Amino acid sequence: MEKNGNNRKLRVCVATCNRADYSKLAPIMFGIKTEPEFFDLDVVVLGSHLIDDYGNTYRMIEQDDFDINTRLHTIVRGEDEAAMVESVGLALVKLPDVLNRLKPDIMIVHGDRFDALALATSAALMNIRILHIEGGEVSGTIDDSIRHAITKLAHYHVCCTRSAEQHLISMCEDHDRILLAGCPSYDKLLCAKNKDYMSIIRMWLGDDVKPKDYIVALQHPVTTDIKHSIKMFELTLDALISFNKRTLVLFPNIDAGSKEMVRVMRKKGIEHHPNFRAVKHVPFDQFIQLVAHAGCMIGNSSCGVREVGAFGTPVINLGTRQIGRETGENVLHVRDADTQDKILQALHLQFGKQYPCSKIYGDGNAVPRILKFLKSIDLQEPLQKKFCFPPVKDNISQDIDHILETLSALAVDLGGTNLRVAIVSMKGEIVKKYTQFNPKTYEERINLILQMCVEAAAEAVKLNCRILGVGISTGGRVNPREGIVLHSTKLIQEWNSVDLRTPLSDTLHLPVWVDNDGNCAAMAERKFGQGKGLENFVTFITGTGIGGGIIHQHELIHGSSFCAAELGHLVVSLDGPDCSCGSHGCIEAYASGMALQKEAKKLHDEDLLLVEGMSVPKDEAVSALHLIQAAKLGNVKAQSILRTAGKALGLGVVNILHTVNPSLVILSGILASHYIHIVKDVIRQQALPSVQDVDVVVSDLVDPALLGAASMVLDYTTRRIY
């Protein structure tokens, strides 16, 4: 004992309060016992160890061949807040006599239990040095306060993780009195290889249960919110019943609220349910094997987020009891476990998975480090602490709420008149939409797009939507590989050779996709509309202009120079009207909204548009809608114009039927319903018999351009495994 400056053995008192802390203290006790030349060991047992309802777990200490020096009955029954306080008081009354008799040099105290607080308080007031195991950790309940209170009373600290060490330092503890050892239980866990684990599984769960096909459930009350924790326990049991797997349920600990939780178990008939085995205690060696070979562990025990990581067993951590714990990737948090469905979804996500072993809490060599640390303690040193104030690192964990966020896309539709941005969910629901007039200049337009997307992305957080990327639908010819608008339509000025991907991606830190609005409409139909599941179909968009998209063998056709599916510029007449593209007789020159507006203005100028029941205010421009209204009210000339437009579109459809031979043609846009019957008539009259049976339908999508823009994001980003 030269290192600690003492000429006698170190008298160590280990006090254990319950089954959980004994699993951490037992490896240290075994280590002390193997070195009798350095240590004398006294064992004090108190708390729930000595209560029949909690398994009389002191017997496992005797089975491990430890002599129990003192048994203290310190628990006041009642399992409520007052009973916890009274139990602490009773322990404080009884402990001084024991400590006066044993006169230990150092007392080893574990964790964050109210019993442990009584032990630390007694020892500190009696000038007995305290070695605290697992200080510096963060969970999320009253246990935090108790743990940190014990830290302030303790003289030496054994912590399990680097973050815990940093927390202790930031709590002003002397770095020289802190040992980063790892969790003592990991010394046993990482070498736990029981070939006869099947007999243990059969003993506790039945002969017909296979490894990885059962669940271990261990849930305790949260003393700071007992009512909520009882409700959460009810939801957990309901979810487990629905999940329909064999489940080993351990009774909760003795904290306030445990009595009510046991009532919930009995109310739901868990002890007699064929799928459940309800037990008060499982010996630690057997418990190790049960969780190591389980399909999943669920509850809020620290064992789930700490020890079970040694086996890579999937864990579902419920509620806030362990909210601040460091966890391996095997732990999925359900922090707001407020619905049965949320817990059930977590079970479906986790059950049966296998994760890599996590060594966050230990590498299997904690006990040798702790024994060396004990030997280094100089009993001649004063107990006064030193202080320092370092920063604390943040902790990031996986959370079920992130997985249950609505996976969404930001969709941008750049039209001739309006600029629209929407948050679109995976199911094609437009969660929120923003609309502004499309500015006339490039600079104003790009700034407005950025501004609207930033605002929408911020709003998405409030709406619990996870934005996966940005999709942009725009008129004109687009290079989707580079995200560049090569040439725009005349409706969108100053919009040629525009790189949309770079500024948006740089601003939002998200992937960006860009494509022509006709292609986007086709992609919208493929993902959300009537083209879903079809190998080959064609979409015609009837709006301000005429556009379209072609899906062949489930893929969108772009063409060698990104000019495929310019369906509005199929020529259907050699001497037809001028088109905006510079040609003559294009479908767009007959059937687009611009073409109909032009014809409507001609009629109006000749006083041939308005019929009885119609009027056009002086401050309102004549539009295609006025022509349609006039046709409905019996205006023969308006009807003739619409019929001609429909025939032009129909001839374009016939050309596509003869060229691509799709299984479906979808008419989209505001004019589609006015053209559908005329188009079908043209097909019957003009198409080859082999394609006359191809169906032509009107799209039922409200915003195909936005949905198509969103589909680019949702299709590509969700190909990766979440």
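Keep in mind the model is a prediction, meaning the values are calculated, not measured.

Regarding the sheet that holds strand S25 (residues 664-668)
- The strand order S24-S23-S22-S25-S26 describes an open sheet built from five strands, whose pairing is mixed. Each having just a single partner strand, strand S24 (555-556) and strand S26 (695-698) make up the two edges of the open sheet.
- Of the strand pairs in this sheet, strand S23 (residues 546-552) and S24 are connected by two bridges, and their pairing is antiparallel. Paired with isoleucine 551 across the strands is leucine 556, a residue of S24.

With respect to the UniProt feature "binding site: an N-acyl-D-mannosamine" (unreviewed entry) in the protein chain
- As recorded in UniProt, the feature "binding site: an N-acyl-D-mannosamine" (unreviewed entry) lies at Arg477, Thr489, Asp517, Glu566 and Glu588.
- Structurally, aspartate 517 can be placed in helix H18 (residues 517-528).
- You can call aspartate 517 partly exposed: its relative accessible area is 28%.
- Setting aside residues up to four positions removed in sequence, aspartate 517 forms contacts with Ser473, Thr474, Gly475 and Ile541.
- In this structure, glutamate 566 sits in the loop between S24 and helix H19 (587-591).

What to know about the domain arrangement of the protein chain
- Partitioning the protein chain into domains gives domain 1 (10-183 + 367-376), domain 2 (192-350), domain 3 (399-529) and domain 4 (531-700).
- Each of domain 2 and domain 3 was reduced to a C-alpha centroid, and the two centroids are 45 Å apart.

Section: the side chain of arginine 246
- Inspection of the secondary structure assignment puts arginine 246 in strand S9 (residues 246-250).
- On the accessibility criterion, arginine 246 (14% relative accessible area) is buried.
- Polar contacts involving the side chain of arginine 246 include one to the side chain of aspartate 208, which spans 2.9 Å.
- Ignoring sequence-local partners within four residues, the contact set of arginine 246 consists of Leu205, Gly206, Asp208, Val209, Tyr214, Ile215, Pro274, Asn275, Phe276 and Arg277.

Remarks on the nonpolar core
- Residues Met107, Leu119, Ile215, Ile298, Ile316, Leu318 and Leu347 are the most contacted members of the largest nonpolar core, which totals 62 residues.
- With nine residues, helix H9 (residues 226-243) is the single largest residue contributor to this core.
- Both domains that meet at this core, namely domain 1 (10-183 + 367-376) and domain 2 (192-350), each give it at least three residues.
- Not counting residues up to four positions away in its chain, the partners in contact with leucine 347 are Ile215, Ala239, Leu240, Phe243, Cys296, Ile298 and Ile316.

Details of the UniProt feature "binding site: Zn(2+)" (unreviewed entry) in the protein chain
- According to UniProt, the positions carrying the feature "binding site: Zn(2+)" (unreviewed entry) are His569, Cys579, Cys581 and Cys586. Maximum C-alpha separation among the annotated residues is 8.8 Å over a sequence range of 18 residues, consistent with a single clustered spot.
- Structurally, cysteine 579 can be placed in the loop between S24 and H19.
- Residue contacts for cysteine 579: discarding those within four places in its chain leaves His569, Cys586, Glu588 and Ala589.
- With respect to the helices, strands and loops of the structure, cysteine 586 is situated in the loop between S24 and H19.
- On the basis of relative accessibility, which here comes to 1%, the residue cysteine 586 falls in the buried class.
- Non-local contacts of cysteine 586, meaning those with residues more than four positions away in its chain, are made with Gly568, His569, Leu570, Val571, Val572, Cys579 and Cys581.

Overview of the packing of helix H20 (residues 593-605) against helix H22 (residues 636-659)
- Packing of H20 against H22 leaves a shortest axis separation of 11 Å and a crossing angle of 160°. For the element pair H20 / H22, the angle class is roughly antiparallel. Of the two elements, H20 crosses H22, and the hand of that crossing is right-handed. Taken together, the residues of H22 that come into contact with H20 (itself represented by Leu596, Glu599 and Leu603) are Lys637, Ala638, Ile641, Leu642 and Ala645.
- Broken down by class, the residue content of the contact of H20 with H22 amounts to six nonpolar, no polar and two charged.

What to know about the packing of aromatic side chains
- Counted under the stated rule, the structure contains five aromatic pairs.
- Relative to phenylalanine 66, the ring of phenylalanine 30 has its centre 4.8 Å away and its plane inclined at 50°; by these criteria the two rings are tilted. In this pair, phenylalanine 30 sits in helix H1 (residues 19-33) while phenylalanine 66 sits in the loop between helix H2 (58-63) and strand S3 (68-71), placing the two residues 36 residues apart along the sequence.
- Overall, the relative accessible area of 34% leaves phenylalanine 30 in the partly exposed class.
- Classification of phenylalanine 66 by relative accessible area gives buried; the value is 5%.
- Arranged with centres 5.9 Å apart and planes meeting at 45°, the rings of tyrosine 442 and tryptophan 495 form a pair that is tilted.

Observations regarding the side chain of serine 358
- As for its placement among the helices and strands, serine 358 is situated in the loop between helix H13 (340-350) and helix H14 (366-375).
- Apart from the residues within four sequence positions on either side, serine 358 is in contact with Tyr186, Gly309, Ala310 and Gly328.

Scoring rules and cut-offs
- Residues numbered from 1 in each chain as written.
- Predicted model: local features only at pLDDT ≥ 70, side-chain atom pairs only at ≥ 80, totals over all residues.
- Heavy atoms only, no water.
- Pairing = 2+ DSSP bridges.
- Helix = DSSP H or I, 4+ residues; strand = E, 2+ residues; numbered from the N terminus.
- UniProt positions renumbered as here; feature names shortened; annotations may be inferred.
- Buried < 20%, exposed > 50% of the residue type's maximum accessible area, 1.4 Å probe, protein only.
- Contact = heavy atoms within 4.5 Å.
- Domains from an automatic or database assignment.
- Polar contact = N/O pair within 3.5 Å; in protein donor to acceptor, adjacent residues only side chain to side chain.
- Core = buried A, V, L, I, M, F, W, Y, C linked by side-chain atoms within 4.5 Å.
- Axes fitted to C-alpha atoms, helices over the stretch in contact; angles between N-to-C directions.
- Parallel < 35°, antiparallel > 145°, perpendicular 65-115°, else oblique.
- Left-handed = near helix turned anticlockwise from the far one by under 90°.
- Nonpolar A, V, L, I, M, F, W, Y, C, P; charged D, E, K, R; others polar.
- Phe/Tyr/Trp six-rings, centres within 6.5 Å; stacked < 30°, edge-to-face > 60°.

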